[in-house]
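# Chain and residue survey
Single-letter residue listing:
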Amino acid sequence: MVEPTLKVKVANVGSKPSSLKAPFYTIKDMFSNKFLIKNLVSREIRGKYRNAMLSYTWTFLEPALLAVVYYFLFYMLAGNPDELYSVWVLVGIIVWGCFGKSLSSTVTSLTRNRNTIHLVYFPRIIFPITSVIGNIVITMMSCLVIIPIMIIFDLPLTIYILLVPLSVLLAGFLAIGLGILLAPLNCIYRDVEHLIRFIVRAGFFVSPVMWTYEMALERGNFGEIATYNPMLTPITLARHGLEGRETTLPSEIIILTILFGIVMWIIGSILFERNERKAVKYL
Amino acid sequence: MTESVIILQNVTLRFPKLKGILSIIKDKITKKDTSFTALKGVDLEIKSGEVFGLIGKNGSGKSTILRVISGIYPPDEGQCKVAGKISLLAGLGTGFSGHQTGVENALLYGSILGHNESEMQEKLPEIIDFSELGSFIDEPIRTYSAGMKARLGLAVATAIKPDILLIDEVLGVGDPQFRDKSKARILSLVKDTSTVVMVSHSFALMKDICDRIGVVNKGKLVMIGNPEEAITAYYELDNGGTLD
């Protein structure tokens, strides 16, 4: 028999640091589980495009086809929009899609992985984190569609193009706070995921996907109301970045959006850590 | 070998019942507790170097005890203390994804079990060799038979030695030849690992390798004793069940 080597310290199973520290220690958990996250993300992405002849082409084919549909829809309703309008719709669809898909997949991240949760323990914040990273990676791939667009519409290549990937990151970050807040609740009542599906669909019209910040400004008051929507910032920044100009979005709105994301992350991670253990018993 | 590496003190675990809006209000008013108690006041100390067995009927709470020890369900009451790195062998191949290759799934499953990249890369040749998959290792595992998947799962799960090994009924996968091989592999892992807690229905095996056995009935640990005593006690549960 092996001699007992008790260099390891005794851990009290199930005890965690105070959940008020959750916004920080969950980030530490992320880094110490890099390998796991990498494998889970690649499972998620590969799973999505399995057995598809065009495989990853779908990442940008899907938003491109949607943009065509919405362009014609809007063309019929409003008539003769400016020639770059279809591009702005496409950008809106990509960035909003990143937010919407991240949000709904975070909310369902615990319920989708219930088989794993029943059989092994690792910090469960990994599941929602993986969902968001997966969606951000997919959205980054769909951003490649920008290259042909820049050539077709003769858009200048400037440093501001970096705003496009940054906006995608911001959209994913805005989704995660709300997502992890609701994920444990979704283990108990699946009503949450139905509600979120509705919110994502309704949010599509409330957010500047089919309309732009500039269009809203022309309508006076409407422009001011639109600034209360956190998703205005990433979508508008991506559009301005693609156009190759310095953004006309007031910097206080950008700062407020980022602060909003950070606050949501703090609240979300605290509540996630507090409720996750009770919630998995319902799975 | 005197130090305890697993200590459960008065562990109680309840599972809440899923309720609709009306019954929540009803239970709030009548103050009725409808939750299901899976474990009731379990006290257990397992010493370093010990091979401990758990027996009991289906649904008695054996697997739940293992899950409490591995941290999946924190106890509602009482405490569970553990010293060392734990590995729970249950449901081999958790998280396998059908359209990725054997190698990718081995790495994925290894990382789910908590192993890091360098450990896994180091053990990969051994895993491939043990699983006897040959050239299939680079095929997507949706093309595998159930036995092949189980072999790969077992190869990964037993590749790295933890401080404390928890085994939940994973003996006997694959064809007879592989079953013998897998049994030998688990037994050698049991020998190399200092502390083992196992759940199994094959009493002959348990008698052979366990130092002590606990009998679980309806969420309670009704007795702990040497293998013969415990197995006798288990059969007495059926004839009247006077052990409570």
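## Regarding the overall build of chain A
Looking only at helices and strands, chain A has 14 helices and 1 strand in total. Rg of the C-alpha trace for chain A: 21 Å, near the compact-globule value of 19 Å for 283 residues, within the 12% margin. Counting only C-alpha atoms and orienting by the principal axes, one finds that chain A spans roughly 80 × 45 × 40 Å. Going through the 283 residues of chain A one by one, you find that 51% of them count as buried. Across chain A, contacts joining residues at least 24 apart in sequence account for 79% of those joining residues at least 6 apart.

## Overview of the interface of chain A and chain B
The interface of chain A with chain B comprises 37 residues on the first partner and 52 residues on the second. Together chain A and chain B conceal approximately 3600 Å² of surface at their shared face, both sides included; 63% is due to carbon and sulfur atoms. In this structure, the connection of chain A to chain B is made through 3 salt bridges. The salt bridge partner of B:Asp76 is A:Lys281, with a shortest N-O separation of 2.8 Å.

## Some details on the domain arrangement of chain B
The figure often quoted for interface size is the accessible area lost as the parts come together. Structurally, chain B comprises domain 1 (4-85 + 201-238) and domain 2 (91-161). The straight-line distance from the C-alpha centre of domain 1 of chain B to that of domain 2 of chain B is 30 Å.

## With respect to the sheet that holds strand E6 (residues 164-168) of chain B
All names here are of chain B. Taken in spatial order, the 6 strands line up as E5-E6-E7-E3-E8-E9 in an open sheet, and their pairing is mixed. What marks the edges here is a single partner per strand, and that holds for strand E5 (86-89) and strand E9 (220-225). Strand-to-strand, the axes of this sheet are offset by a mean angle of 20°, without reference to chain direction. Sheet topology places E5 next to E6; 4 bridges connect them, and they run parallel. Residue Ser87 lies in a different strand from E6, and its bridge partner there is Leu165. In the packing of helix H2 (residues 62-70) onto the sheet, contacts are made with strand E3 (51-56), E5, E6, strand E7 (195-199) and strand E8 (212-217), and the angle to E6 comes to roughly 150°.

## With respect to the packing of helix H3 (residues 102-112) of chain B against helix H5 (residues 146-157) of chain B
All names here are of chain B. Look at H3 against H5: their axes get within 10 Å of each other, and the N-to-C directions meet at 45°. As judged from the angle between their axes, H3 and H5 are oblique. As H3 runs across H5, the sense of the crossing is right-handed. Residues Gly102, Ala106, Tyr109 and Gly110 of H3 pack against Leu152, Gly153, Val156 and Ala157 of H5. Its residues assigned to classes, the contact of H3 with H5 comprises 5 nonpolar, 3 polar and no charged.

## Some details on the confidence of the model for chain B
Overall, the prediction assigns chain B a mean pLDDT of 85, with 95% of residues at 70 or greater. Between the elements of chain B, mean pLDDT differs from a low of 78, seen in helix H1 (residues 21-30) of chain B, to a high of 92, seen in E8(B).

## Notes on the packing of aromatic side chains
Summed over the entire model, instances satisfying the criterion amount to 10 aromatic pairs over all chains. Between A:Phe204 and A:Phe205, the ring centres sit 5.2 Å apart and the planes meet at 75°, which makes this aromatic pair edge-to-face. When its relative accessible area of 11% is taken as the criterion, A:Phe204 is described as buried. We classify A:Phe205 as exposed; its relative accessible area is 52%. The interplanar angle of 90° and the centroid separation of 6.0 Å between the aromatic rings of B:Phe136 and B:Tyr144 together place this pair among those described as edge-to-face. Residue classification places B:Phe136 among the partly exposed residues on the basis of a relative accessible area of 36%.

Definitions and limits used
All residue numbers refer to position in the chain's written sequence, counted from 1. Each chain gets a letter, beginning with A, and each ligand a number, beginning with 1, in the order they are written. Owing to the predicted nature of the model, reporting of local features is limited to residues with pLDDT of at least 70; listing and counting of side-chain atom pairs is limited to 80 or more, with chain, interface and lining totals taken over all residues. Computation of side-chain values: all heavy atoms of the structure, hydrogens and water removed. The numbering of helices and of strands both runs from the N terminus, where a helix is a DSSP run of H or I of at least 4 residues and a strand a run of E of at least 2. With C-alpha atoms as the basis for the radius of gyration, the globule rule is written as 2.2 Å multiplied by the number of residues raised to the power 0.38. Using a 1.4 Å probe on the protein chains alone, a residue whose accessible area is under 20% of its type maximum counts as buried, one over 50% counts as exposed, and one in between counts as partly exposed. Between two residues, a contact is recorded if the distance between any of their heavy atoms is within 4.5 Å. Once two parts are brought into contact, the accessible area they lose, counted with a 1.4 Å probe and summed over both, makes up the buried area. By definition, a salt bridge exists where a carboxyl oxygen of Asp or Glu is found within 4 Å of a side-chain nitrogen of Lys or Arg. Domain extents, as shown, originate in an automatic or database domain assignment. The criterion for strand pairing is that DSSP finds at least two bridges linking the strands in question. Between N-to-C directions, angles span 0 to 180 degrees; the directions come from axes that are lines fitted to C-alpha atoms, helices contributing only their stretch in contact. Any angle between 65 and 115 degrees counts as roughly perpendicular, while under 35 counts as roughly parallel, over 145 as roughly antiparallel, and the rest as oblique. Helix crossings are classified by the rotation of the near helix relative to the far one: an anticlockwise turn of less than a right angle makes the crossing left-handed, while a clockwise turn makes it right-handed. When residues are sorted by character, Ala, Val, Leu, Ile, Met, Phe, Trp, Tyr, Cys and Pro go into the nonpolar class, Asp, Glu, Lys and Arg into the charged class, and all the rest, Gly among them, into the polar class. pLDDT expresses, on a scale from 0 to 100, how confident the predictor is about each individual residue. Aromatic rings from Phe, Tyr and Trp, with only the six-membered ring used for Trp, were paired whenever their centres fell within 6.5 Å, and each pair was classed as stacked if the ring planes differed by under 30 degrees, edge-to-face if by over 60, and tilted otherwise.

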